[in-house]
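Structure at a glance
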Amino acid sequence: MKLRLYLLIASGVSTGMILLSLFICYRYMLLNWKDVVLLSNVTVGAAGVSMLIHFVMTRPLEKAIKAITQETTHIAEGDFKGKVPLIGPLEYHRLAEQFNQMTAKLNDSFGKIRSAEASRKELVAHVSHDLRTPMASIQAFVEALQDDVIADKPTFERYLQTIRLETGRLDALIQELFKLSQLDAGGTEFAPELYHVDHFLVDGLQSLAFQLEEKELQVEVDLPERLPPVAIMPQELKRVFANIMDNAIRHSPIGGTIDIRAEQVTEQFVKLSITDQGLGIREEDQERIFDRFYRSDPSRTRSSGGAGLGLAIAKSIVELHGGTIGVERNKATGRSGSQFWFTLPVHVA
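Note that the coordinates shown come from a computational prediction; the quantities given were computed from them, not determined experimentally. Each residue is numbered by its place in its chain's sequence as written, counting from 1. Local features in this predicted model are restricted to residues of pLDDT 70 or higher, and side-chain atom pairs are both shown and tallied only at a pLDDT of 80 or more, whereas totals for entire chains, interfaces and linings draw on every residue. Just so you know, side-chain values use all the structure's heavy atoms and leave hydrogens and water out.

So, on to the sheet that holds strand β7 (residues 338-345). Strand pairing follows a simple DSSP-based rule, namely that at least 2 bridges must link the two strands. Strands are runs of DSSP state E lasting at least two residues, helices are runs of H or I lasting at least four, and both sets are numbered from the N terminus onward. Judged by pairing direction, the sheet is mixed, and its five strands sit side by side in the order β2-β4-β5-β7-β6 without closing on themselves. Of all the strands in the sheet, the pair left with one neighbour each is β2 (218-222) and β6 (325-329). Pairwise comparison of adjacent strand axes, ignoring direction, gives a mean angle of 20 degrees for this sheet. Two elements, strand β5 (residues 269-275) and β7, share seven bridges in a ladder whose sense is antiparallel. Bridge pairing in β7 links phenylalanine 269 to proline 345. Angles run from 0 to 180 degrees between N-to-C directions of axes, and those axes are lines fitted to C-alpha atoms, restricted for helices to the stretch in contact.

Below, the structure written as structure tokens:
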């Protein structure tokens, strides 16, 4: 039974009870016939006006209920983008607002689920591809060694070296996947230590000395005289620094320069910037450069461009510290390249 009909029936029953009471009073001589007729007409007229008012005032209620019913049907079909209009009494306004908030949260939740499912499928596809290539290479070289087709020792050693390199790449990929899954699952506990930025940079550059020398790259460091100590997990942030520097070294020309700059941007954070002299990252790639397995150059292979996990891991580690990370084109006049930056939380005494 609809709400409007329910109210009309209730009003009709009330009117009928009043008329019945008037006839009972006339039956027992409490009222004369003229009074009964007059009061009955007044009652019927008031009842008619009351029913008309009920009919008019319940239309917004019916519309509000109908709108909520339609939206629940849409939700059942998987559409979470609709909204219930704010019509009817104040209570219905509140109900519609809460309903719309619930719909928005459901839309966000299912959006994240769909995104996670798409990421999972993309992860499986990329992992399968990146595992297949070195595995096929290892298998081919092992079969060649087993079949005794390699007679001279230099070629034999070269095959073993190739197998060793491919095995190392597989191990590096597995380690990156393990680290990324650990960060996603919240398995890395945030236990910061007091650390100075200059020590952090010295330690990070020492581990990259061989790669820098191999490409004859110069590193220019710009540090202010005073920087507050930062609260970080050194090993994790060194991984971030190494991943970004690895990209800078790979894309810098031989004999080029990498600029490293540190500055305190707010009371809570120190910003570290790393600028190379490569070709730079296209604007359309800057938003996705930190996605897993994303390569701005589709032609890059694992051997030349990595697995595409380094920057994704860097982003997760920086966000674990409460900081932010980003990239933009080099703003220096007459120079190309990219500028990666991330923020480190300042130690609060």
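Here the narrative resumes, following the displayed structure.
Moving on to the nonpolar core. Residue types Ala, Val, Leu, Ile, Met, Phe, Trp, Tyr and Cys, when buried and joined through side-chain atoms within 4.5 Å, form a set referred to as a nonpolar core. Exposure categories follow from relative accessible area, calculated using a 1.4 Å probe and restricted to protein chains: below 20% of the type maximum is buried, above 50% is exposed, and the middle band is partly exposed. Among the nonpolar cores identified, the biggest contains 42 residues, and Phe241, Met245, Ile258, Ile260, Leu272 and Phe342 are the most heavily contacted of them. Among the elements that make up this core, the one with the highest residue count is helix α7 (residues 234-251) (seven residues). Throughout, a contact is declared for two residues whenever any of their heavy atoms are within 4.5 Å. Leaving out residues up to four positions away in the same chain, phenylalanine 342 has contacts with Leu237, Val240, Ile244, Val270, Lys271, Leu272, Val318, Thr324 and Ile325.

Let's shift gears to the pattern of salt bridges. By convention in these notes, a salt bridge is any Lys or Arg side-chain nitrogen within 4 Å of a carboxyl oxygen on Asp or Glu. For the structure on display, the rule yields four salt bridges. Among the salt bridges present, the one from arginine 261 reaches aspartate 222, with a minimum N-O distance of 2.5 Å. Of the two residues, arginine 261 sits in strand β4 (residues 257-264) while aspartate 222 sits in strand β2, which places them 39 residues apart along the sequence. Given the relative accessible area of 41%, arginine 261 is considered partly exposed. We classify aspartate 222 as partly exposed; its relative accessible area is 36%.

Before going further, it helps to examine a nonpolar patch on the surface. What goes into a patch is any residue over 30% in relative accessible area without a salt bridge, connected to like charges within 9 Å or, for nonpolar side chains (Val, Leu, Ile, Met, Phe, Trp, Tyr), within 5 Å. Here, Shrake-Rupley sampling with a 1.4 Å probe gives the accessible areas, and only protein chains in the shown set may cover a residue. A contiguous nonpolar patch, built from Val49, Leu52, Ile53, Phe55, Val56 and Met57 and spanning about 590 Å² of accessible area, is present on the exposed surface. Turning to its location among the elements, phenylalanine 55 is positioned in helix α2 (residues 33-76).

Looking now at the packing of aromatic side chains. The rule is short: rings of Phe, Tyr and Trp, with Trp giving its six-membered ring, pair when the centres are within 6.5 Å, and they are stacked under 30 degrees, edge-to-face over 60, tilted in between. For the structure shown, the criterion picks out one aromatic pair. Ring geometry for phenylalanine 200 and phenylalanine 241: centres 5.8 Å apart, planes at 65 degrees, overall edge-to-face. Linking phenylalanine 200 in helix α5 (residues 197-206) with phenylalanine 241 in helix α7, this pair joins segments that are 41 residues apart in sequence. Residue phenylalanine 200 shares its accessibility class with phenylalanine 241, and that shared class is buried. The residue whose ring lies beneath lysine 271 is tryptophan 341, and the NZ or CZ to ring-centre distance is 4.9 Å. We call a charge positioned over a ring when the NZ of a Lys or the CZ of an Arg lies within 6 Å of the ring centre and within 35 degrees of the ring normal.

Burial of β5 is extensive: six of the seven residues sit out of reach of the surface. Across six bridges, β4 lies against β5 in antiparallel orientation. Its bridge partner lying in β5, glutamine 264 is registered against valine 270. Between β4 and β5, which pair antiparallel one after the other, the connecting turn spans four residues.

Attention now goes to the packing of α5 against α7. The interhelical angle for the contact between α5 and α7, taken along N-to-C directions, is 55 degrees, at an axis separation of 10 Å. The orientation of α5 relative to α7 falls into the category oblique. The interaxial crossing formed by α5 with α7 has right-handed handedness. Every residue of α7 that contacts α5 at Phe200, Leu201, Asp203, Gly204 and Leu205 is listed here: Pro234, Leu237, Lys238, Phe241 and Met245. Each residue gets one label: Ala, Val, Leu, Ile, Met, Phe, Trp, Tyr, Cys and Pro are nonpolar, Asp, Glu, Lys and Arg are charged, and the others, such as Gly, are polar. Its residues placed into classes, the contact of α5 with α7 shows seven nonpolar, one polar and two charged. For classification, angles of less than 35 degrees are called roughly parallel, those exceeding 145 degrees roughly antiparallel, those between 65 and 115 degrees roughly perpendicular, and all remaining angles oblique. We call a crossing left-handed when the near helix sits turned anticlockwise from the far one by less than a right angle, and right-handed when that turn is clockwise.

One non-glycine residue, glutamate 216, lies in the positive phi region at around 55 degrees. Checked against the element boundaries, glutamate 216 lands in the loop between α6 (209-214) and β2.

This brings us to the confidence of the model for the chain. Across the chain, pLDDT averages 78, with 83% of residues at or above 70. Along the chain, pLDDT gives the predictor's confidence residue by residue, from 0 to 100. Mean pLDDT in the chain bottoms out at helix α9 (residues 302-305), which sits at 45, and peaks at β5, which reaches 92. Low pLDDT (under 50) marks residues 298-305, which in the prediction has 15 contacts with non-local residues, meaning those over four places away or in another chain.

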